[in-house]
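Overview (structure and organization)
Single-letter residue listing:
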Amino acid sequence: MRAHKIAIAFVLGLYLFLHLIQLEVFPFYLFAMYSDIENPKTEFVDYRIMKDGEEIEYKDWSYRRYIYLRNTLQAYDNIISNDNKNPQADIISKYLDRLYLTGFGDAMEEKHKYINAEQEMKSWLLDFLGYASNYRVYKDQYQWVEDQPALINSVVIVE
Amino acid sequence: MNKLGTYRYYLLFFCVCFLVFHAVRWSNGLTLFLLRDPFIYNPRQDPLMWTYIFSGIPQWIVSQRGLALILDLVVVVPCVTALLIYKKKPNWIPVLMRIQLALFVIYILTVFSFQSLSIRKYLGLALVPLAFVSLKKGWFEDATKWLRWYVMFIFSSSAMWKILRGSVFERDQFVNIMRNQHFEHLIHFPDHISTQIGTYFIEHPDIAMGFYCLVTLIQLSFAMGFFTRRYDKYLLVAFLLFILGDYLVMRVEYWEFLVFVPLFYLDITKEDYSSA
């Protein structure tokens, strides 16, 4: 019974600690979605894929599959804009440096560097979306104009 | 329903939910095999995930297509077996559920090592088997009690974050969320009901603000569940409305949380389930 209570106290203490330092350890997640104050954005980004010159339409896709593709493209975009390193991994050194584990943090972050990001992205698109002789991915920038998104710029990020 | 019936009922409910949602995952193209050898990790805010990715295991699993496919198939075996033998071999259930727990934890940690969906929606499917991993007297009751508290915690903590960070007091909070979340829906899914609802909120900021406050209040009301079960039927309605509303308004799919539903109405008292 005593061991039971210690186990419960440990779990609750761990969860409280994770809340205070705002980290998560599976399965102890923080449920803080949509709680950050959301500032109005002026520009938005969307990704458009041309497969052999034809735009891929998502209307008939399952939404979850679309989110998986979108998240992957967004992460890829962030990587190529950040010297081929995934900026999501910056959190690793942020915490491990504080624990004087810089070397370990650097080794962990190595996994999040992508030297051949574009080539890997092309291979993955071929596999995920099916064979095509050419894939081109556009990063489209939008602004809200009268409660509707309006395209203001477009650049190719995979070719 | 008698006490043994309660145990069996939730076991069957869980197994059916798990199999249905695995089929859904398959149809959505999000099983390990269908992720198609992803290469960009998502470290999240989770040191366990950092370590798991560092170990090289997730990349190894998804790059071995055969292994990924085997895992996709094997992960349903404990639930299928439990459905087949729960009457004849009840003593096998704890072993099956321990295997289920271990397999599914590896499975979802691997899927979520990459740029997939939010891992939170799968927590129910990962944690509910804990209720069935032992036939020791009182285990099922204690485990379901803790799981129920966990559900109350999810919602009340979500409300507390909004209150403590002050977002619930910001007039344009929900309109800004809607604009940020729905702009791509307007481009790719203009006819979807969530896009229509999102557009309505963007055009009516006061109603959007009221709605956000109302949702926060409803989430906060789950704190009552820590102290009494008297209002569980109302909380169940709120829970179901929340899952439906999340889909209709945010297009966030939390259907997997339905595995928690029996926690709101099962009558569980101390009982020996060894003959379940």
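The paragraphs below set out a description of the structure included in this document. The shown structure was predicted, so the numbers you read here are calculated from the model rather than taken from an experiment. (Residues numbered from 1 in each chain as written. Chains lettered and ligands numbered in written order. Predicted model: local features only at pLDDT ≥ 70, side-chain atom pairs only at ≥ 80, totals over all residues. Heavy atoms only, no water.)

**Thoughts on a nonpolar patch on the surface**
Which entries qualify depends on this criterion: Nonpolar side chains (Val, Leu, Ile, Met, Phe, Trp, Tyr) are joined into patches within 5 Å and like charges within 9 Å, using only residues with over 30% relative accessible area and no salt bridge. The method behind every accessible area is Shrake-Rupley, applied with a 1.4 Å probe, and residues are considered shielded solely by the protein chains displayed. Salt bridges, as used here, are contacts in which a Lys or Arg side-chain nitrogen is within 4 Å of a carboxyl oxygen on Asp or Glu. Each helix is a run of H or I in the DSSP string that is no shorter than four residues. Each strand is a run of E no shorter than two, and both are numbered from the N terminus.
On the surface, Leu 99, Leu 101 and Phe 104 of chain A together with Phe 54 of chain B cluster together into a nonpolar patch covering about 350 Å² of accessible area. Tracing the chain through its elements places Phe 104 of chain A in helix H4 (residues 102-110).

**Considering the side chain of Ser 157 of chain B**
Formally: The buried label goes to any residue with under 20% of its type's maximum accessible area, the exposed label to any with over 50%, and the partly exposed label to all in between, with areas taken from a 1.4 Å probe on protein chains only.
In this structure, Ser 157 of chain B sits in helix H8 (residues 139-164). Assessed through its relative accessible area of 7%, Ser 157 of chain B is described here as buried.

**Thoughts on the sheet that holds strand E3 (residues 135-145) of chain A**
We count it as follows: Only strands that DSSP links by at least two bridges are regarded as paired with each other. By definition in these notes, contact holds between two residues if any of their heavy atoms fall within 4.5 Å. Inter-axis angles, ranging from 0 to 180 degrees, are taken between N-to-C directions of lines fitted to C-alpha atoms, where helices are fitted over the stretch in contact.
If you walk across this open sheet you meet the four strands as E2-E1-E3-E4 (chain A), and the pairing is antiparallel. The open sheet has two edge strands, strand E2 (54-55) and strand E4 (148-158) of chain A, and neither has a second partner. Bridge analysis of E3 of chain A against E4 of chain A gives nine bridges, and the strand direction is antiparallel. The partner of Lys 139 of chain A across the bridge, within E4 of chain A, is Val 155 of chain A. Of the strands in this sheet, strand E1 (43-51), E3 and E4 of chain A touch helix H2 (residues 63-80) of chain A, which is tilted by about 110° from E1 of chain A. Docked against the sheet, helix H9 (residues 173-188) of chain B engages E1, E3 and E4 of chain A, running at close to 30° with respect to E1 of chain A.

**Digging into the pattern of salt bridges**
All names here are of chain A. Enumeration according to the criterion identifies 18 salt bridges over all chains in this entry. We note a salt bridge from Lys 139 to Asp 77, for which the minimum N-O separation is 3.1 Å. Of the two residues, Lys 139 sits in strand E3 while Asp 77 sits in helix H2, which places them 62 residues apart along the sequence. The two residues Lys 139 and Asp 77 agree in class, both being buried.

**Here we look at the interface of chain B and chain A**
Selection criterion: Note: buried area is the sum, over both parts, of the accessible area (probe 1.4 Å) each one loses when the two are combined. As used in this structure description, the phrase polar contact means that two N or O atoms lie within 3.5 Å; if the pair is within protein, one of them must be able to donate a hydrogen and the other to accept it, and residues adjacent in sequence are counted only when both atoms belong to side chains. Gly falls in the polar group here, along with every residue not listed as nonpolar (Ala, Val, Leu, Ile, Met, Phe, Trp, Tyr, Cys, Pro) or charged (Asp, Glu, Lys, Arg).
Opposite the 73 residues of chain B that make contact, chain A presents 66 residues. Interface area for chain B against chain A, summed over the two sides, is near 6700 Å², with a carbon-plus-sulfur share of 63%. On inspection of chain B and its partner chain A, the count reaches seven salt bridges. A salt bridge links Arg 64 of chain A to Glu 253 of chain B; the shortest N-O distance between them is 3.0 Å. Put simply, chain B and chain A have 36 residue pairs in polar contact (both at pLDDT 80 or more) between them. For the side of chain B that touches chain A, the elements supplying multiple residues, two or more each, are helix H2 (47-55), helix H6 (93-111), helix H7 (123-127), H8, H9 and helix H10 (193-203) of chain B. Counting residues per element, the side of chain B that touches chain A draws most heavily on H9 of chain B, at twelve residues. For the side of chain B that touches chain A, the residue count by class is 38 nonpolar, 18 polar and 17 charged.

**Regarding the environment of Thr 195 of chain B**
Take Thr 195 of chain B: it is sitting in helix H10. Note: C-alpha distance between Thr 195 of chain B and Gln 181 of chain B (14 residues apart in sequence) is 9.7 Å.

**Considerations on H9 of chain B**
Using the following cut-off: Expected helix span is computed as 1.5 Å times (number of residues minus one). Across the chain, bend at a residue is computed as the angle between axes fitted to the seven residues ending at that point and the seven starting from it.
The end-to-end C-alpha distance of H9 of chain B is 24 Å, a good match for the 22 Å that 16 residues give at a rise of 1.5 Å each. Considering bend angle alone, the principal kink of H9 of chain B is centred on His 182 of chain B and spans about 40°.

**So, unusual backbone geometry**
Cis geometry is found at the peptide bond from Phe 26 of chain A to Pro 27 of chain A, where omega equals 0°. Along the polypeptide, Pro 27 of chain A turns up in the loop between helix H1 (2-21) and E1. Its identity as a non-glycine residue notwithstanding, Arg 44 of chain B has a phi of 55°, on the positive side. Locating Arg 44 of chain B in the fold gives a position in the loop between helix H1 (3-27) and H2. When its relative accessible area of 18% is taken as the criterion, Arg 44 of chain B is described as buried.

**Observations concerning the pairing of E1 of chain A**
All names here are of chain A. One ladder, built from nine bridges, connects E1 with E3; its direction is antiparallel. Within E3, the position partnered with Val 45 by the bridge is Gln 141. Of the pairings in the sheet, the one linking E1 to E2 comprises two bridges and is antiparallel in character. Bridge pairing in E2 links Lys 51 to Glu 54.

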